[in-house]
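One letter stands for each residue in the lines below.
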Amino acid sequence: MTTLNRSTLRRLKKLKQSSAVWEGDRRSLPAKIRQPQDSSNIIPLHAHSEESKPHCILWVDGSQGMVRSMDVVDSGVGQEAFVRALLQAIEHPQSPAQPSLPQKILVCDRELQFYLRGVLQDLDISVEYVERLPLIDEIFSHILESFADNPPIVPERFASALHSQSEQIWRNAPWNTLWDHQVISLEIDRWDIDTLYAIVMGKMGLEQGVIFYRSEESLVKFRHRIVSGSSEDEIEETFLHQDCLFNLFETPDLEMEGDLPPFPFRGKMRSLPTAATPMKPIYGALHPLEGGRPYLYDEEAIALTVALEALNKFWEQYHKRLSTSFSNLSGTYTIYAPSLDSDAEEPINVVVKTMPDLANELHQLVVEDDEDDDDDSPLINEDLWPDNALIHMMTIPWEQVEFLRKASIHQQLSESIPTILGTKKGEGLPGLMIQTSRPKALELIEQIDEFNGIHSLCFNPAEDIFGNICQLGLMVMGNDDLHLFGEFDKATLSGEHHKRWKQRAKNTKGNVCVIVAMGITGASRGNPAPHHILGYYEIKLIDDKELGLGKLRAEPAFDFDF
């Protein structure tokens, strides 16, 4: 058991010992009471697990009915945190208490009693066990009551309609097509809202959803401030200056293999079943004076429901044209909105329009910022991949590697692979699959040829605009051009699938492959049969130090954690 230093004991013994009886305890709290890392009012996007619920450590003077110290810690923190809070109560208590030693300490945990007896044995403080601590029970009761009164995330009357439209926007997945600078306006003229300005988030593969700004001015100011901000404090302050409603989505980590199905047996490929990706909608609001709220009031819930339904109708009418160009498009839709005062619905005509001029203005902000900040840095391209292409890390069984090397398809073969095939260490060759339609796959292969083939893949360290660590997946072409194929956040990097892929690449001494395949729709999505594979490239996975870019900043995508 860890004990106090002799110097600490001498320091504590110099304090006056009162006749007070203190109570101490440690209780679990709801996750929403978790103490933030700072004083900001940013809403955490990812919910904490049950195991990570915070604990509150409390030391009170039962004689005076006064809290001397309080701390919020993770549930996994040991008993040492309890002693640290006690030392704070002794030497640096909350005002108006004065530094002093208690005569007696009461706890309601036998294990904690024995632990404290050992730590405090040289301080002449009695540690006793009691079944209940009435003062601490009362304090914790007030703490929990203060948070139990929070409103529901969505008012019950409007929850069903909002969830329905949220599920529809998830199924439509406009983030597979639209970039986060492409603005769509929705003229509502209700609930003190004239027009909402929708930004679709998630094109680069991070958090997906839609942000509805209450004014064009708020959106434009936010983008200008993001471009000009540099320090974390400036960026956080900028984040809180948004004036918007939002519907984002959280997807749980999927522990599933991304391997291709086993090699065909007797001429048939065994397809693996594909499951729909689960999602959890997240609703809330941001305002410069209110900060962030992870819940909606009545008018906000209705407005967000109407906005999502109008956006869904617009998308279903124009998604094919939006996939080719972001031009001037408009539509008027009758939405039946629930009433605040009754169960009746009222029809509302919502005019939805694209705003290509504003989209170009916002995009130009990022382009100019890139040119000003780092004129000598290599350009990382994002436009090589076809719209709606599936880009996936997987492992190809060795038998299929041998088949692809002999197939009559476009190939880029490495002299290293035959030696590796001789040993067949591990389950197969790690690879990156790009799956799209046949015409787009053939066009992509032609473009790769113009870049003198593919040289290598690299995962380069980066951070988003809030300082969160991530990695950029970069494809290095034969002419040294760089093309981004994905952003990988901390959760993905620590996931089993990514770790296994990296380990298999280590087993093959950095030899990996890239596959270009057709068959993006139907049962072959994610499971291309051999005849779907049109291009096969054997390349190297290189270290980021070899690329020499250093830590990059993930731009221009603005994917935020609310």
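This part takes up the overall build of the chain. For the chain, the count of helices and strands is 15 helices and 23 strands. Considering the chain as a whole, with its 562 residues, one finds that 49% of them fall into the buried category. As displayed, the chain offers around 27,900 Å² of accessible surface, 48% of which is attributable to carbon and sulfur atoms.

Further remarks concern unusual backbone geometry. Note the cis peptide between Ser 95 and Pro 96, where omega equals 10°. Inspection of the secondary structure puts Pro 96 in the loop between helix 2 (80-91) and strand 4 (104-107). Of note, the phi angle at Asn 388 is positive, near 65°, even though the residue is not glycine. In this structure, Asn 388 sits in the loop between strand 14 (380-381) and strand 15 (390-397). Positive phi outside glycine occurs at Lys 424, with the angle close to 50°.

A few words on the sheet that holds strand 1 (residues 21-28). Strand order in the open sheet formed by 5 strands is 3-2-1-4-5, with mixed pairing between adjacent strands. The strands lining the two open edges of the sheet, one partner per strand, are strand 3 (66-74) and strand 5 (126-129). Recorded for the sheet is a direction-independent mean angle of 20° between the axes of neighbouring strands. Note: strand 1 against strand 4, 3 bridges, orientation parallel.

Further remarks concern the side chain of Gln 208. Mapping Gln 208 onto the fold places it in strand 8 (residues 208-213). Given the relative accessible area of 17%, Gln 208 is considered buried. The residues contacting Gln 208, other than those within four sequence positions of it, are Trp 170, Trp 175, Met 201, Gly 202, Leu 248 and Phe 249.

Turning our attention to the environment of Pro 99. Structurally, Pro 99 can be placed in the loop between helix 2 and strand 4. Residues Pro 99 and Leu 12, spaced 87 residues apart in sequence, show a C-alpha to C-alpha distance of 9.7 Å. Not counting chain neighbours up to four residues away, the residues in contact with Pro 99 comprise Leu 15, Arg 68, Ile 90, Glu 91 and Pro 93.

Next up on the list: the pattern of salt bridges. All told, the structure shown has 15 salt bridges when counted by the stated rule. With a shortest N-O distance of 2.5 Å, Arg 214 and Asp 243 are connected by a salt bridge. With Arg 214 in the loop between strand 8 and helix 6 (216-228) and Asp 243 in the loop between helix 7 (232-240) and strand 9 (244-250), this pair connects stretches of sequence that are 29 residues apart. What makes Arg 214 partly exposed here is its relative accessible area of 24%. One salt-bridge network, held together by shared partners, links Asp 25, Arg 27, Arg 132 and Asp 137.

So, on to the nonpolar core. The biggest cluster of nonpolar side chains holds 46 residues, and the ones touching the most others in it are Leu 186, Phe 212 and Val 350. In terms of residue count, helix 8 (residues 298-322) provides more of this core than any other element does, 13 residues in total. Setting aside residues up to four positions removed in sequence, Leu 186 forms contacts with Asp 194, Thr 195, Leu 196, Ala 198, Phe 212, Ala 307, Ala 310, Leu 311, Val 350, Val 351 and Val 352. One finds Trp 385, Leu 432, Leu 493 and Val 512 within the second-largest nonpolar core, a separate group that totals 28 residues.

The sheet built from 8 strands is open, its strands ordered 11-10-9-8-7-6-13-12 with antiparallel pairing. Each end of this open sheet is capped by a strand with a single partner; those strands are strand 11 (291-293) and strand 12 (330-338). Each strand of the sheet is rotated relative to its neighbour by a mean of 25°, with strand direction disregarded. With 7 bridges joining them, strand 9 and strand 10 (residues 280-287) adopt antiparallel strand pairing. Looking at strand 10, one finds that Cys 244 is bridged to Leu 286. Against the sheet, helix 5 (residues 156-172) makes contact with strand 8, strand 9, strand 10 and strand 12, and its axis sits at roughly 65° relative to strand 9, the strand it touches most. The sheet contacts of helix 8 involve strand 6 (183-190), strand 7 (193-201), strand 8, strand 9, strand 10, strand 11, strand 12 and strand 13 (345-354), and relative to strand 12 the element is tilted by about 150°.

It is worth spelling out the confidence of the model for the chain at this point. When pLDDT is averaged along the chain, the result is 81; 82% of the residues meet or exceed 70. Between residues 33-51, whose pLDDT stays under 50, and residues either more than four places distant or in other chains, the model counts 42 contacts.

This part is about the pairing of strand 4. Taken residue by residue, a regular strand's side chains alternate between the two faces of the sheet. Pairing of strand 4 with strand 5 involves 4 bridges; the strand directions are parallel. Directly across from Ile 105, in strand 5, lies its bridge partner Val 127. Each parallel crossover has a hand, and for strand 4 linked through helix 3 (residues 110-119) to strand 5 it is right-handed.

The next point concerns the pairing of strand 20 (residues 482-489). Across the 8 residues that make up strand 20, a large majority, 7, are buried. Across 2 bridges, strand 14 lies against strand 20 in parallel orientation. Residue pairing across strands places Asn 381 opposite His 483, the latter belonging to strand 20. Bridge count for strand 19 (residues 469-477) against strand 20 is 7 bridges, and the pairing is antiparallel. Opposite Val 476, over in strand 20, you have Leu 482 as the bridge partner. Turn length for the strand 19-strand 20 hairpin, with the two strands adjacent in sequence and antiparallel, is 4 residues, and the turn residue Asp 480 shows positive phi of about 75°.

Under the criterion given, the structure shown has 11 aromatic pairs. Seen from their ring centres, Trp 175 and Phe 249 are 5.7 Å apart, and the 55° between their planes marks the pair as tilted. Residue Trp 175 is located in the loop between helix 5 and strand 6, and its partner Phe 249 is located in strand 9; the two are separated by 74 residues in the primary sequence. Arranged with centres 5.8 Å apart and planes meeting at 90°, the rings of Tyr 295 and Tyr 297 form a pair that is edge-to-face. With a relative accessible area of 41%, Tyr 297 lands in the partly exposed category. Members of the aromatic cluster, each reached through a chain of ring pairs, are Phe 459, Phe 485, Phe 488 and Trp 501.

About the cut-offs
Residues numbered from 1 in each chain as written. Predicted model: local features only at pLDDT ≥ 70, side-chain atom pairs only at ≥ 80, totals over all residues. Heavy atoms only, no water. Helix = DSSP H or I, 4+ residues; strand = E, 2+ residues; numbered from the N terminus. Buried < 20%, exposed > 50% of the residue type's maximum accessible area, 1.4 Å probe, protein only. Areas by Shrake-Rupley, 256 points an atom, 1.4 Å probe, with all protein chains shown as cover. Pairing = 2+ DSSP bridges. Axes fitted to C-alpha atoms, helices over the stretch in contact; angles between N-to-C directions. Contact = heavy atoms within 4.5 Å. Salt bridge = Lys/Arg side-chain N within 4 Å of Asp/Glu carboxyl O. Core = buried A, V, L, I, M, F, W, Y, C linked by side-chain atoms within 4.5 Å. pLDDT = per-residue confidence, 0-100. Right-handed = clockwise from strand over helix to strand, strands pointing away. Phe/Tyr/Trp six-rings, centres within 6.5 Å; stacked < 30°, edge-to-face > 60°.

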